[in-house]
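# Remarks on the overall topology
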Amino acid sequence: MSPVREACDPRRRELDAKILGWMRESTWQDDEARFDAMACELFAFQFEHCLPYARFCEARGVTPGKLSHWSEIPAVPSTAFKEARLHSFDPASTAKVFHTSGTTSARPGALYLDTLELYEASLLSSIRRFVFPDLGVGPAAEAPRMSIRILASDPAEAKDSSLSHMFGVVLRELGESSNSGYDSHHGVLDATSLIDRMLRLGDSATSSEDRRPVALCGTSFAFVHLLEAFERSAHSGAKLNLPRGSRIMETGGFKGRSREVPRDQLYASLEQRLGIPPDHIVNQYGMTELGSQFYDSLLFESQSMDTPGPRRKLGPPWVRVRLIDPETGENAKPGAAGMIVIHDLANTGSVAALQTADLGRTVEGAPDGFEVLGRAADEEERGCSIAADELWHEAQQ
């Protein structure tokens, strides 16, 4: 244990240990009583150690002594991370700061962390399950690795980007070292190099080594740029057939931009160009302010069920999602749109309950999940994908 961790509050160390234990279990257990107990204990700790959050809760008449269930914990709006340093530890112990990727005209928010241990444990457990289920589920698995190409910047180039940090962890833990790496530099996609690499993996591959599946990971806009680069290249007529088991993980969105590509259209274009079917294309929903992420269900369920359920977002058992009617503040009616509120136990160092600016709707399944409908009206557009689109167009000028 680092000297900083040894010096932190003993209650916090105990909380972290219990939550890490949950994250590192070989199978996921959706235990409501366990979540409720941990969420209420974490709320009491954060109420005591994060003064801005305590004032926010007191103004709503909620204190640890009055709490009877985790769903009563006040959720701070994501915009609060722009206005205040929301952390529950001594500022001198700050080990990492991630900034939100707002548009050039917007002020970014910040997530302060005194440890990356929970952050990385949560992201690895989830991405193994939903994007790499065939490599083994659970952080303790001795799983094989895969060729992974990243259509985003190296964390050394984007030190405050949580997305680049996540991709760095994925490469470190799951990437096959000889064939994995970055195809974007300082936010600009090196499409020529990536297209050449994929051509070698396609039907023209001359060795079994080249016919092994590859995972392509990046922002939604990066894949739009890749398709556009294909059209402008000498290979505009090529339709690749990447090795069976190849997959795509994309994240971000398009709302509010000069062009918007419907997700179904993007997936159809990727299938036509690369030969990767839609059930092997996974959208991730995450936020800088959160330690955990959500993923489309299809790839995981196609590997583990005879009949996969509908595409929907699923997350780990140490997270809960509520959909709130923006007018009443109560739970949205079944099937109705509501503001997405997330309670994430991975956020022990900041605030665990967060109200996003996004609208969602429940999608029934086993288990139920949700779909993201987009940004609520009058809310600021932001996101890693939009930031990548801005960088791409700046590079073309």
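Heads up: the structure comes first, above all this text.
Residues numbered from 1 in each chain as written. Predicted model: local features only at pLDDT ≥ 70, side-chain atom pairs only at ≥ 80, totals over all residues. Heavy atoms only, no water.

We now examine the pattern of salt bridges. With the rule as written, the count across this model stands at 19 salt bridges. Arginine 11 is the salt-bridge partner of glutamate 48, the closest N and O atoms lying 2.7 Å from each other. Taken together, the positions of glutamate 48 in helix 3 (residues 32-49) and arginine 11 in helix 2 (residues 10-23) put the pair 37 residues apart, joining distant regions of the chain. Note on glutamate 48: relative accessible area 53%, which makes it exposed. Judged by its relative accessible area of 34%, arginine 11 is partly exposed. Across the pair glutamate 176 and arginine 212 runs a salt bridge, and its minimum N-O distance is 2.2 Å. Remark: arginine 212 occurs in the loop between helix 8 (191-201) and strand 8 (214-219) and glutamate 176 occurs in the loop between helix 7 (162-174) and strand 5 (181-182); sequence separation between them is 36 residues. Assessed through its relative accessible area of 12%, glutamate 176 is described here as buried. By sharing partners, the salt bridges in this structure join Arg12, Asp16 and Asp114 into a single network. (Salt bridge = Lys/Arg side-chain N within 4 Å of Asp/Glu carboxyl O. Helix = DSSP H or I, 4+ residues; strand = E, 2+ residues; numbered from the N terminus. Buried < 20%, exposed > 50% of the residue type's maximum accessible area, 1.4 Å probe, protein only.)

As a further point, take the packing of aromatic side chains. Across all of its chains, the model carries 12 aromatic pairs by this definition. Ring centres 6.0 Å apart and planes at 90° place the aromatic pair phenylalanine 43 and tyrosine 53 in the edge-to-face group. Of this pair, phenylalanine 43 sits in helix 3 while tyrosine 53 sits in helix 4 (residues 51-59), and the two are 10 residues apart along the sequence. Plain terms: the ring middles of phenylalanine 130 and phenylalanine 300 are 5.7 Å apart, the flat faces sit at 75° to each other, and that makes the pair edge-to-face. Here the residue phenylalanine 130 occupies a position in helix 6 (residues 117-130), and phenylalanine 300 occupies one in helix 11 (residues 298-304), the gap between them amounting to 170 residues. Phenylalanine 130 gets classed as buried once you look at its relative accessible area, which sits at 1%. Residue classification places phenylalanine 300 among the buried positions, given a relative accessible area of 15%. Connected via pairs of aromatic rings, a cluster forms that spans Trp28, Phe130, Tyr295, Phe300 and Trp318. If you follow arginine 60 out to its NZ or CZ, it ends over the ring of phenylalanine 56, 3.6 Å from the centre. (Phe/Tyr/Trp six-rings, centres within 6.5 Å; stacked < 30°, edge-to-face > 60°. Lys NZ or Arg CZ within 6 Å of the ring centre and 35° of its normal.)

Right, let's talk about helix 6 for a bit. Between its first and last C-alpha atoms helix 6 spans 20 Å; for 14 residues at 1.5 Å apiece the expected length is 20 Å, and the two agree. Burial within helix 6 is extensive, with 13 of its 14 residues counted as buried. (Expected span 1.5 Å × (residues − 1).)

The subject of this paragraph is the layout of surface pockets. Here the second largest pocket is characterised by a volume of approximately 790 Å³. Listed by contribution, the elements that provide at least two residues to the lining of the second largest pocket are helix 6, helix 11, strand 12 (313-314), strand 13 (319-324) and strand 16 (369-375). By residue number, the principal contributor to the lining of the second largest pocket is strand 13, which donates five residues. (1 Å grid on protein atoms, 1.4 Å probe; cavity = no way out; pocket = protein on both sides within 12 Å on 5 of 7 lines; lining within 4 Å. Points joined across faces, edges and corners; volume = space filled by probe spheres on them.)

Take methionine 23: it is sitting in helix 2. Sequence separation of methionine 23 and serine 125 is 102 residues, and the distance between their C-alpha atoms is 6.8 Å.

So, about the pairing of strand 15 (residues 353-363). Direction of pairing for strand 1 (residues 76-77) relative to strand 15: parallel, over a ladder of two bridges. Bridge assignment links proline 77 to a residue of strand 15, and that residue is glutamine 355. In this sheet, strand 15 lies alongside strand 14 (residues 338-344) in antiparallel orientation, the contact comprising five bridges. Bridge assignment links histidine 343 to a residue of strand 15, and that residue is alanine 353. As paired strands, strand 15 and strand 16 are joined by six bridges and run antiparallel to one another. Bridge pairing in strand 16 places glycine 360 opposite valine 372. Counting the residues that bridge the hairpin from strand 15 to strand 16 gives five residues. (Pairing = 2+ DSSP bridges.)

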